[in-house]
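# A closer look at the structure
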Amino acid sequence: MEADRPNGIAVRERELFSYLVRRVVSGFRPRLAEVSARTAARAGEDSEAAFQGLVAKGWVRLDPLASDFSGVGPFVFEDTDWSVSMGETAVSAQSALDSLAVHFVSGNDVFIRSHCGYCSREITITIKYGRIRSAAPAEIRVFIPEEADPPAPSLFFCCPSDFFSWRSENPRAGTALTLEEGLIYSEGFFGGAAEEGNVS
């Protein structure tokens, strides 16, 4: 548990995670060698323990074949069905909920482009200042699967009827939320809101 860990490590985790997120938001893919050098330069500050803590939480994901990052927070370094634009920077998220969380983690307004998990209809969402500013279609649902092995991603559906049609064909345990409920749920991902930015 977070409370059982030394405070210095928790602080370093937040600093390192914020640094990695800022790199992604700025349009750069962080590299493991860069973080290793940064960690070595701050050896007396629980840096290695902080990095390992982020890996253990799943906030930083490693690709063992490439010996590099496969993702940081809600971001993944491959194309997915959850495309997120933050101004000039385009990123991919690893699930529907993670695409919503990008707003809070980055502190930026976001535009999400995805598809219905049942009929493949395009879904677009704009989030500004912690609120949904536009969404098409109007009755988007977010499906959150229960813990599974292997883990299943959360999905968007264009309407309740498509969600129920999908659910009848895929009896997977989980919960369907409205888009607004999904946004609220995603705010707590990766430790909450960004330390700087326009989230209010």
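Residues numbered from 1 in each chain as written. Predicted model: local features only at pLDDT ≥ 70, side-chain atom pairs only at ≥ 80, totals over all residues. Heavy atoms only, no water.

### Digging into the overall build of the chain
- When helices and strands are tallied, the chain shows six helices and eleven strands.
- The buried share among the 200 residues of the chain stands at 42%.
- As displayed, the chain offers around 10,200 Å² of accessible surface, 50% of which is attributable to carbon and sulfur atoms. (Helix = DSSP H or I, 4+ residues; strand = E, 2+ residues; numbered from the N terminus. Buried < 20%, exposed > 50% of the residue type's maximum accessible area, 1.4 Å probe, protein only. Areas by Shrake-Rupley, 256 points an atom, 1.4 Å probe, with all protein chains shown as cover.)

### Comments concerning helix H5 (residues 160-169)
- All of the buried residues in H5 are Pro160, Asp162, Phe163 and Trp166. In a view along the axis of H5, the buried residues occupy a sector of 160°, so they form one face of it. In H5, the exposed positions angled more than 90 degrees off the buried face are occupied by Phe164, Ser168 and Glu169.
- Of the surrounding elements, those touching the buried residues of H5 are strand E9 (141-145), strand E10 (155-157) and strand E11 (174-178). (Arc of directions from axis to C-beta. Contact = heavy atoms within 4.5 Å.)

### What to know about the packing of aromatic side chains
- On inspection of all chains with the given rule, the structure shows eight aromatic pairs.
- For the pair Phe157 and Phe163, a centre-to-centre distance of 5.5 Å together with 70° between the ring planes defines the contact as edge-to-face. Comparing Phe157 with Phe163, the two get one shared label, buried. (Phe/Tyr/Trp six-rings, centres within 6.5 Å; stacked < 30°, edge-to-face > 60°.)

### A short note on helix H6 (residues 179-186)
- Inspection of H6 places Leu179, Gly182, Leu183 and Ser186 among the buried residues, and these make up the whole buried set. One side of H6 holds all its buried residues, which, seen down the axis, span an arc of 100°.
- Looking at the buried side of H6, the elements it contacts are helix H4 (96-106), strand E7 (122-128), strand E8 (131-136), E9, E10 and E11.

### As for the packing of H4 against H6
- With their axes 8 Å apart at the nearest point, H4 and H6 run at an angle of 60° to one another. In this view, H4 runs oblique relative to H6, as classed from their interaxial angle. The two elements H4 and H6 meet at a crossing, and its hand is right-handed. Residues Leu97, Leu100, Ala101 and Phe104 of H4 form the contact with H6, whose participating residues are Leu179, Gly182, Leu183, Tyr185 and Ser186.
- A class-by-class count of the residues in the contact of H4 with H6 yields seven nonpolar, two polar and no charged. (Axes fitted to C-alpha atoms, helices over the stretch in contact; angles between N-to-C directions. Parallel < 35°, antiparallel > 145°, perpendicular 65-115°, else oblique. Left-handed = near helix turned anticlockwise from the far one by under 90°. Nonpolar A, V, L, I, M, F, W, Y, C, P; charged D, E, K, R; others polar.)

### What to know about the pattern of salt bridges
- For the coordinates displayed, the defined rule picks out five salt bridges.
- Arg12 is the salt-bridge partner of Glu15, the closest N and O atoms lying 2.6 Å from each other. With Glu15 and Arg12 both in helix H1 (residues 7-25) and three residues apart, the pair spans about one turn of that helix.
- As a salt-bridge pair, Asp68 and Arg31 come within 3.1 Å of each other at their nearest N and O atoms. In this pair, Asp68 is assigned in strand E2 (residues 68-72) and Arg31 in the loop between H1 and helix H2 (32-41), connecting sequence segments 37 residues apart.
- Take Asp68: its relative accessible area is 11%, and that puts it in the buried class. (Salt bridge = Lys/Arg side-chain N within 4 Å of Asp/Glu carboxyl O.)

From the geometry alone we can't say anything about function, so treat these as descriptive.
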